[in-house]
Amino acid sequence: MEENLPRGRHGKAINAHASARRELAANHPSKRGRRKGPTPGQGTHDAEAGGSHTRGRTRLGQSLVVQDEFDADQFLNACFDYDDLGSPQVSPQVSPQHSPQDEPQDPPQQPPRQQRRKPVRRKPPKCSRNDDEVGFGGGPTDLSLLTEYDKHMAIPIWYADPNDKEILAVNLRCIASGKKVINIQKPSRRTDRWFWDVVEASGLEPLTRTNFSVLDYGLLWAFVERWHTETSSFHIPLGELAITLDDVQCLLHIPIEGKFLNHGKMSRDEAADMVNSFLGVDRNVVMGHFAKMNGLHLKHSDVEDIYSVNHGLADKAVAEGKSAHEIKLYRDRSIRAFLLFLVCCTIFSNKSSYYVDVVYLQYFQDLSAVREWNWGAAALVHLQHYLDDACLVTVNQMAGYMSLLQGWIISHFPGLSVWAQDPIYSEVMPRNAKFVPGAGHREPSSYRNSLDNIQTYDCVFSPYDDHRHVRPLINSCWFSGWLRCGNLKAKHLPERVLRQFKHVQGIPRKPDLSATPGMSLCEIDRVFMEELDLRMIAEEMRGQAVVSAWDHEPGYMTWFYKVSHPVMRPVQAPASPPRPPNLEVLIEAAEARNDPNMLQVCRGVRDEVERSLREGEAVEGTPVHGTLRRILNLLNPVLTCRRLKRGRGRRYNTRE
């Protein structure tokens, strides 16, 4: 058997046909008394946790293959045809060395059971879209803006059959750890002021109030489907909306000014020394945790224990009359562990949902300088990083600060999902503390349909008007360019969502003009700290203030429908842009302003012309008489036409 296997460098046999040998070995009945080898297991860590994507590896890195006695020469030389599922089918041709009688007469009646995999979004067949067609079905027809649209999950959603539940009603996962912040035991705000004074001074105390114990997964995924990396915004039939620094400061009340978090890669020795110095954990114990977690990570439960133990040691030191230095040492360790736990369960929440990244501990070395870091930008960059990943075709998980995303959706679309107001909420609290969301629907299909048929009165473009006395609109909110957190970066483009700042929306400039491609991380830091005034949206670019919240310049909606895909399903998508979605609201606004009724004006003109002709004010045959007759002929068809104006649940007949 060894002589028939192909060989690589140094004469070692390579693992050619390994998958085929494993399948045949699995189908081959094992001998009595032979101990079965271990079943290869799936790795438990994701890529961000530093885990491996490989499966079933021994300590030497060799694949675990079930060995058995069978004729490998016949198997490897046989001809196979692969069906659609990728399973080999033996062709009718038989090797000349073996007769049909030598083949097994009683093959297994059922193939080996395979683990059921979760449905994954897949690209539509190429035949679904004509090669001669410009753009994609439902848009965009102009690919100058969404240059990476061919990888977006909106494509299979558009082309999916109405009964294709695997795509339209797939249950996707949203990983969140905010509930752990709600459940963690916190010190008393009255007696333990030494703890809360430092936490409040850090600027991160509001994160203890902004978490939801229940998430509406279908609602979250309905917006993930509409996210586009090129513009860092959600695309809906009304235009673009985005999560801005202003949204972050109003929803979370954390700093949006200051230095960007600038951490990089760290060795295990450096991380172990940092945990030992700042949290008081023995270095060997820390290295054991790193080896068990396969990265620079500590479990949430371990960090919670460090916080609780040091808090108890501080109280014990006070009771025993220990030195102030020792008491402060235990208290600082407890506060650092709590803040690390807090940020890693909220703004740095990852797909693992059970560990914290030790690299963030460096920002709590000096507890008096925690507020100097731009935590709001870090939360926005981290969330956009996962949105950029989740909107791709083959992804079925979403992470990041899910409470921030859901709070933003409720603020801008209050009637779209089920939620209640927290009875203890006051305006001085973060806006996210106002909401108590319901479970909603786990599938995004109903929310997708609601967004496809959304009207302007369903969207609140600027929801913080009554919150400005607590969080005013500051200059940083107008910054246009790159934001950074460690090695991650994200675009912040307020010029694309001017209506969220109560300005008339026009056709924005290209994203690359604001966020220059290829800009280094050091340059991003320098621009935000030294050129903030130069990178803000100027007054002339902001344009006029809105009269109605949905105001936009002429031509904006036509342009938007060309470069985007405002609706997700073709049932609601016409061939050309529909009537302005704010038409009915404009009618209501006109009625509220008591605008003159044009039909009544025309009717008055008709009556006056008829009176003039009837009383002989214009002599028949003169030019004036002919002009009045032509005016009357123009007015009569308008006034005899029966017109209907739709209202909410009733009709109006404008003909008397």
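What counts, and at which threshold
- Residues numbered from 1 in each chain as written.
- Predicted model: local features only at pLDDT ≥ 70, side-chain atom pairs only at ≥ 80, totals over all residues.
- Heavy atoms only, no water.
- Helix = DSSP H or I, 4+ residues; strand = E, 2+ residues; numbered from the N terminus.
- Buried < 20%, exposed > 50% of the residue type's maximum accessible area, 1.4 Å probe, protein only.
- Salt bridge = Lys/Arg side-chain N within 4 Å of Asp/Glu carboxyl O.
- Expected span 1.5 Å × (residues − 1).
- Arc of directions from axis to C-beta.
- Contact = heavy atoms within 4.5 Å.
- Phe/Tyr/Trp six-rings, centres within 6.5 Å; stacked < 30°, edge-to-face > 60°.
- Pairing = 2+ DSSP bridges.
- Patch = residues over 30% accessible without salt bridge, like charges linked within 9 Å, V, L, I, M, F, W, Y side chains within 5 Å.
- Areas by Shrake-Rupley, 256 points an atom, 1.4 Å probe, with all protein chains shown as cover.

## Quick notes on unusual backbone geometry
Move 1: Of note, the bond from G139 into P140 is cis; its omega dihedral lies within 30 degrees of zero at 0 degrees.
Move 2: Positive phi outside glycine occurs at H253, with the angle close to 60 degrees.
Move 3: Here H253 shows up in the loop between α8 (245–252) and α9 (268–279).
Move 4: Owing to a relative accessible area of 6%, H253 belongs among the buried residues under this scheme.
Move 5: The phi dihedral of N294 falls on the positive side, at around 60 degrees, and the residue is not glycine.
Move 6: Secondary-structure assignment places N294 in the loop between α10 (283–293) and β7 (297–299).
Move 7: Since its relative accessible area comes to 33%, N294 is described here as partly exposed.

## Digging into the pattern of salt bridges
Move 1: Overall, the coordinates contain 29 salt bridges when judged by the stated rule.
Move 2: Linking D332 and K328 is a salt bridge whose minimum nitrogen-to-oxygen distance equals 2.7 Å. Of the two residues, D332 and K328 are both situated in helix α12 (residues 324–345); the distance of 4 residues between them amounts to about one turn of the helix.
Move 3: On the basis of relative accessibility, which here comes to 52%, the residue K328 falls in the exposed class.

## Some thoughts on α9
Move 1: In this model, α9 (12 residues) spans 16 Å end to end at C-alpha, consistent with the 16 Å of a helix rising 1.5 Å per residue.
Move 2: Within the span of α9, buried status applies to A271, A272, M274, V275, F278 and L279. Relative to the axis of α9, the buried residues are bounded by an arc of 160 degrees and lie together on one face.
Move 3: Lining the buried residues of α9 we find α10, β7, α11 (300–319) and α12.
Move 4: With its phi angle positive at about 75 degrees, G280 sits one or two positions after the end of α9.

## Quick notes on the packing of aromatic side chains
Move 1: Within the structure shown, the criterion is met by 26 aromatic pairs.
Move 2: Ring centres of W194 and F195 lie 5.8 Å apart, and the angle between their planes is 90 degrees; on these two criteria the pair is classed as edge-to-face.
Move 3: By relative accessible area, which is 16% here, W194 ends up buried.
Move 4: Its relative accessible area of 0% is what places F195 among the buried residues.
Move 5: When the ring of F348 is compared with that of Y360, the centres are 3.9 Å apart and the planes differ by 0 degrees; the resulting orientation is stacked.

## Remarks on the pairing of strand β5 (residues 233–236)
Move 1: Because side chains alternate across β5, one face comprises the buried residues S233 and H235, and the other comprises F234 and I236, equally buried.
Move 2: Pairing analysis gives 2 bridges linking strand β4 (residues 227–228) to β5, with the strands arranged antiparallel. Of the residues in β5, the one forming a bridge with W227 is F234.
Move 3: Remark: 4 residues form the turn of the hairpin made by β4 and β5, two consecutive strands paired antiparallel; S232 in that turn has positive phi of roughly 50 degrees.
Move 4: Two elements, β5 and strand β6 (residues 239–241), share 3 bridges in a ladder whose sense is antiparallel. Across the sheet, the residue bridging to I236 is G239, located in β6.
Move 5: Hairpin connection from β5 to β6: 2 residues lie between these consecutive antiparallel strands.

## Details of the sheet that holds β6
Sheets are built from strands paired through backbone hydrogen bonds, the pairs being either parallel or antiparallel.
Move 1: Across the sheet, 3 strands lie side by side as β4-β5-β6; this open sheet has antiparallel pairing. The sheet is open, and its two edges are formed by β4 and β6, each paired on a single side.

## So, the environment of L635
Move 1: Here L635 is to be found in helix α22 (residues 623–640).
Move 2: Residue L635 is classed as buried on the basis of its relative accessible area, which comes to 12%.
Move 3: Along the backbone, L635 and R606 are 29 residues apart, and their C-alpha atoms lie at a distance of 6.6 Å.
Move 4: Not counting residues within four places of it along the chain, the set of residues in contact with L635 comprises C602, V605 and R606.

## Overview of a nonpolar patch on the surface
Move 1: Taken together, the side chains of M598, V601, V605 and I631 define a hydrophobic patch exposed on the protein surface, amounting to about 320 Å² of accessible area.
Move 2: At 3 residues, helix α21 (residues 598–614) tops the list of elements feeding residues into the nonpolar patch.
Move 3: Examined against the element boundaries, V605 turns out to sit in helix α21.

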